[in-house]
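Single-letter residue listing:
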Amino acid sequence: MIKGNKHVKINMKKQKNQAVTIITLTTLLSALALVSADAAPWNASVGAQSNDKGFQALAFLPNEIWIHAGDRITWTFDADEIHTLTFLIADQPRPFFADGCPGFSMDPATYDGSTCVTTPPMVRGQTFTVIFPAAGNFKLVCLVHENMDGRIHVLDLSEPLPHDQAFYNEQADSQRNELLSDARNDAHAAHALPNSSHGVTAGAGEVTANAGGSRTVSALRFSHGSIKISAGQTVEWDNQDPVTPHTITFGPEPPDLVDPSPDVTVDPDGARHAIIDSTSDSTHSGFIVAAPQERFGLPQAPLGVTRFRVTFPNAGTFPYICALHDDLGMTGTVIVHH
Ligand SMILES: [Cu+2]
């Protein structure tokens, strides 16, 4: 803007007869300068994790921001767990994250409530900017995680903003610390309650809320990195997380992660059960996950399958993974003695 004004002043000296036009131009430039100084760039982040990636905060940090119409917010992704940054339109059914809105928005995107905006799944280090030209209150969601949302209040320029960027940085820091320490506590409290004496908890977590929306924390670890049993015994995995699915997968990952492999049977109490005879056997639990949350006016959700059992008739060392989170370190071993 300084350069522009200088240029305008030089023009003024050279062409006095166009002074009126130039004064108008100068006024316009000053007005633009005011608007652009006002159209503040804001910053926030998406997700957070512990150093070993085992504890994940599935949250927008912070998840409630007040800005002016014309402002933009740049979100920085901060986790190896995938997230999307998504603004749906009213009444739009939640799409599958890999499909987008459908499709994915260009960076920077503009959102005023009339057209859906979404990123593809993104991870640590990536950024995405959204410009908000019109006043309104907008819900921000992650298409990967159902209990991860926030809200952006876009106010007219005449309205004062309640907070500055330093406030939001502080909010993000304290919410990050709170959520990750919740995840740590959940993991420590999550002692498997098996129906056999050999229980492993496959994931723990909780959904929490503040005035901005829902946040989820997840401990993406098996409670016992390795468990020792005797031949003929059964190990039972239980998922204590309210929303995050996990799998117990011996051998190669099947193409279909949701459903159990054909060898898996169902026990009378609904738990899935497999038998692994040798270290070359493979089996896949399918998603072990809590039932979805109930909503008024909808049919009640079916019971989720939250337990998986494997019987080991023979001795050996049997490594396994969670096919969804092995890249974040969710792996384990069953050691079977004679
Ligand atoms: Cu998992």
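Up top is the structure.
Keep in mind it's a predicted model, so treat the numbers as computed, not measured.

What counts, and at which threshold
- Residues numbered from 1 in each chain as written.
- Predicted model: local features only at pLDDT ≥ 70, side-chain atom pairs only at ≥ 80, totals over all residues.
- Heavy atoms only, no water.
- Donors = N, O, S within 2.8 Å, 3.2 Å for Na, K, Ca; no water.
- Tetrahedral: all angles 85-135°; square planar, octahedral: opposite > 155°, others 65-115°.
- Buried < 20%, exposed > 50% of the residue type's maximum accessible area, 1.4 Å probe, protein only.
- Helix = DSSP H or I, 4+ residues; strand = E, 2+ residues; numbered from the N terminus.
- Pairing = 2+ DSSP bridges.
- Salt bridge = Lys/Arg side-chain N within 4 Å of Asp/Glu carboxyl O.
- 1 Å grid on protein atoms, 1.4 Å probe; cavity = no way out; pocket = protein on both sides within 12 Å on 5 of 7 lines; lining within 4 Å.
- Points joined across faces, edges and corners; volume = space filled by probe spheres on them.
- Domains from an automatic or database assignment.
- Disulfide = S-S within 2.5 Å.

**Brief notes about the coordination of the copper ion**
Logical step 1: The copper ion binds to the protein through H246 (ND1), C322 (SG), H325 (ND1) and M330 (SD), with metal-donor distances spanning 2.0 to 2.8 Å.
Logical step 2: Considering all four donor atoms around the copper ion, angles at the metal cover 88 to 133 degrees and the coordination shape is tetrahedral.
Logical step 3: Positions of the donor residues of the copper ion, expressed as sequence spacing, correspond to H-x75-C-x2-H-x4-M. Neither residue differs from the other here; C322 and M330 are each classed as buried.

**Observations concerning the pairing of strand β21 (residues 331-337)**
Logical step 1: A one-sided burial pattern is seen for β21, the buried positions being G332, V334 and V336 and the unburied ones T331, T333, I335 and H337.
Logical step 2: Relative to β21, strand β13 (residues 226-230) is paired through five bridges, and the arrangement is parallel. Paired with I227 across the bridge in β21 is V334.
Logical step 3: In the sheet, strand β20 (residues 316-321) pairs with β21 via six bridges, with the strands oriented antiparallel. By the bridge assignment for β21, I321 is matched with T331.

**A closer look at the pattern of salt bridges**
Opposite charge on two side chains permits them to pair, given that their charged atoms come into close proximity.
Logical step 1: For the structure shown, the criterion picks out ten salt bridges.
Logical step 2: Ionic pairing is found between R309 and E236, a salt bridge with its closest N-O pair at 2.5 Å. You can see R309 sitting in strand β19 (residues 307-311) and its partner E236 sitting in strand β14 (residues 234-238), a full 73 residues away along the chain.
Logical step 3: A salt bridge links R309 to D267, with the nearest nitrogen and oxygen atoms 2.8 Å apart.

**A few points about the layout of surface pockets**
Logical step 1: Its boundaries defined by the atoms lining it, the largest pocket holds a volume of some 1500 Å³.
Logical step 2: Lining the largest pocket we find 45 residues, and of these R94, V144, H145, E146 and N147 sit closest to its centre.
Logical step 3: Sorting the residues of the lining of the largest pocket by element identifies β9 (136-141) and β12 (213-222) as the ones contributing at least two each.
Logical step 4: Three or more residues apiece are contributed to the lining of the largest pocket by two domains, here domain 1 (41-183) and domain 2 (196-202 + 222-337).

**Considering the state of the cysteines**
Logical step 1: Inspection of the entire model under this criterion finds one disulfide.
Logical step 2: In this model C101 forms its disulfide with C116; the gap between the sulfur atoms is 1.8 Å. Taking the torsion about the S-S bond as the criterion, the C101 to C116 disulfide, at about -45 degrees, is left-handed. Here C101 is found in the loop between β5 (86-87) and β6 (109-110), whereas its partner C116 is found in the loop between β6 and β7 (117-118), with 15 residues between them in sequence. Side by side, C101 and C116 carry an identical accessibility label, which is buried.

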